[in-house]
Amino acid sequence: QVQLVESGGGLVQAGGSLRLSCAASGRTNSRYAMGWFRQAPGKEREFVAAISWSGGRIYYADSVKGRFTISRDNAKNTVYLQMNSLNSEDTAVYYCAAKSNDALSPIPGLWDSWGQGTQVTVSS
């Protein structure tokens, strides 16, 4: 199991930017995929972005493509989500996730480990 801790959330005006970080600890010596999901009040958790161990495979949800960038630094066991051009629809709790078999998936139930979440609020 990998333990995950997110940081970097907060309140930002529409059009602004935030960068989320997720630090992993525990069994970090295995090759694992990392992803970001989000959940708005009253809605199901939805896929945002995912990156493979090597960084060679990256997927984004259509709703964030061109605005968000996922990256990782394996030396620091950290994954990042750079979020630009934020709008009110991006308001949600953002969760970091890890997947042990390095296979990317938009389905939350297929990910093995989750962080506690960090709130992102975009004011219009």
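So, here is what we can say about the structure in this document. Only a predicted model underlies this, so the values are computations on that prediction, with no experimental measurement involved.

## A closer look at the overall build of the protein
Right, on to step 1. The secondary structure content of the protein amounts to zero helices and 11 strands.
Right, on to step 2. If you list the helices and strands of the protein from N to C, you get β-β-β-β-β-β-β-β-β-β-β.
Right, on to step 3. Taking 14 Å as the expected radius of gyration for a compact globule of 124 residues, we find that the protein reaches 13 Å, a close match to that expectation.
Right, on to step 4. Taken along its principal axes, the extent of the C-alpha atoms in the protein is 40 × 30 × 25 Å.
Right, on to step 5. Here the protein holds 124 residues, and the buried ones make up 45% of them.
Right, on to step 6. Total accessible area on the protein is roughly 6,200 Å²; 48% of this is exposed by carbon and sulfur atoms.
Right, on to step 7. Measuring between centres, the 12 positive side-chain charges of the protein sit 6 Å from its 9 negative side-chain charges.

## A closer look at the pairing of strand 1 (residues 2-7)
Right, on to step 1. Only one face of strand 1 is covered, namely the one carrying Val2, Leu4 and Glu6; the face carrying Gln3, Val5 and Ser7 has none of its residues buried.
Right, on to step 2. Sheet topology places strand 1 next to strand 3 (residues 18-26); six bridges connect them, and they run antiparallel. The residue of strand 3 that forms the bridge with valine 2 is glycine 26.

## Re the sheet that holds strand 3
Right, on to step 1. With respect to topology, four strands assemble into an open sheet ordered 1-3-8-7, the strand pairing being antiparallel. For this open sheet the edge positions go to strand 1 and strand 7 (68-73), each flanked by a neighbour on one side alone. Adjacent strand axes in the sheet meet at a mean angle of 20° when their direction is disregarded.

## Quick look at the state of the cysteines
Right, on to step 1. Scanning the entire structure with this criterion turns up one disulfide.
Right, on to step 2. A sulfur-sulfur separation of 2.1 Å characterises the disulfide bridge that pairs cysteine 22 with cysteine 96. Where cysteine 22 bonds to cysteine 96 through sulfur, the torsion about that S-S bond is close to -80°, and the disulfide is left-handed. Of this pair, cysteine 22 sits in strand 3 while cysteine 96 sits in strand 9 (residues 92-99), placing them 74 residues apart in sequence. The residues cysteine 22 and cysteine 96 share a single accessibility class, namely buried.

## Quick word on the nonpolar core
Among soluble globular proteins, nonpolar side chains are generally buried collectively.
Right, on to step 1. If you look at the biggest cluster of nonpolar residues, it comprises 36 residues, and the most contacted ones within it are Met34, Trp36, Leu81, Met83 and Tyr94.
Right, on to step 2. Sequence-distant contacts of methionine 83, that is, excluding residues within four places in its chain, are made with Gly16, Ser17, Leu18, Leu20, Arg67, Phe68, Tyr94 and Val120.

## Focus on the pattern of salt bridges
Right, on to step 1. Tallied over the full model, the rule gives five salt bridges.
Right, on to step 2. Of the charged contacts in the structure, one is a salt bridge between arginine 57 and aspartate 102, with a shortest N-O distance of 3.3 Å. Of this pair, arginine 57 sits in the loop between strand 5 (46-51) and strand 6 (58-60) while aspartate 102 sits in the loop between strand 9 and strand 10 (113-114), placing them 45 residues apart in sequence.
Right, on to step 3. A salt bridge links arginine 67 to aspartate 90, with the nearest nitrogen and oxygen atoms 2.8 Å apart. Taken together, the residues arginine 67 in the loop between strand 6 and strand 7 and aspartate 90 in the loop between strand 8 (78-83) and strand 9 connect sequence positions 23 residues apart.
Right, on to step 4. Residue class for aspartate 90 comes out buried when judged on its relative accessible area of 1%.
Right, on to step 5. Among the charged side chains, a network of salt bridges with common partners joins Arg38, Glu46, Arg67 and Asp90.

Scoring rules and cut-offs
- Residues numbered from 1 in each chain as written.
- Predicted model: local features only at pLDDT ≥ 70, side-chain atom pairs only at ≥ 80, totals over all residues.
- Heavy atoms only, no water.
- Helix = DSSP H or I, 4+ residues; strand = E, 2+ residues; numbered from the N terminus.
- Rg over C-alpha atoms; globule rule 2.2 N^0.38 Å.
- Buried < 20%, exposed > 50% of the residue type's maximum accessible area, 1.4 Å probe, protein only.
- Areas by Shrake-Rupley, 256 points an atom, 1.4 Å probe, with all protein chains shown as cover.
- Lys, Arg positive; Asp, Glu negative; His and termini not counted.
- Charge placed at Lys NZ, Arg CZ, Asp CG, Glu CD.
- Pairing = 2+ DSSP bridges.
- Axes fitted to C-alpha atoms, helices over the stretch in contact; angles between N-to-C directions.
- Disulfide = S-S within 2.5 Å.
- Core = buried A, V, L, I, M, F, W, Y, C linked by side-chain atoms within 4.5 Å.
- Contact = heavy atoms within 4.5 Å.
- Salt bridge = Lys/Arg side-chain N within 4 Å of Asp/Glu carboxyl O.

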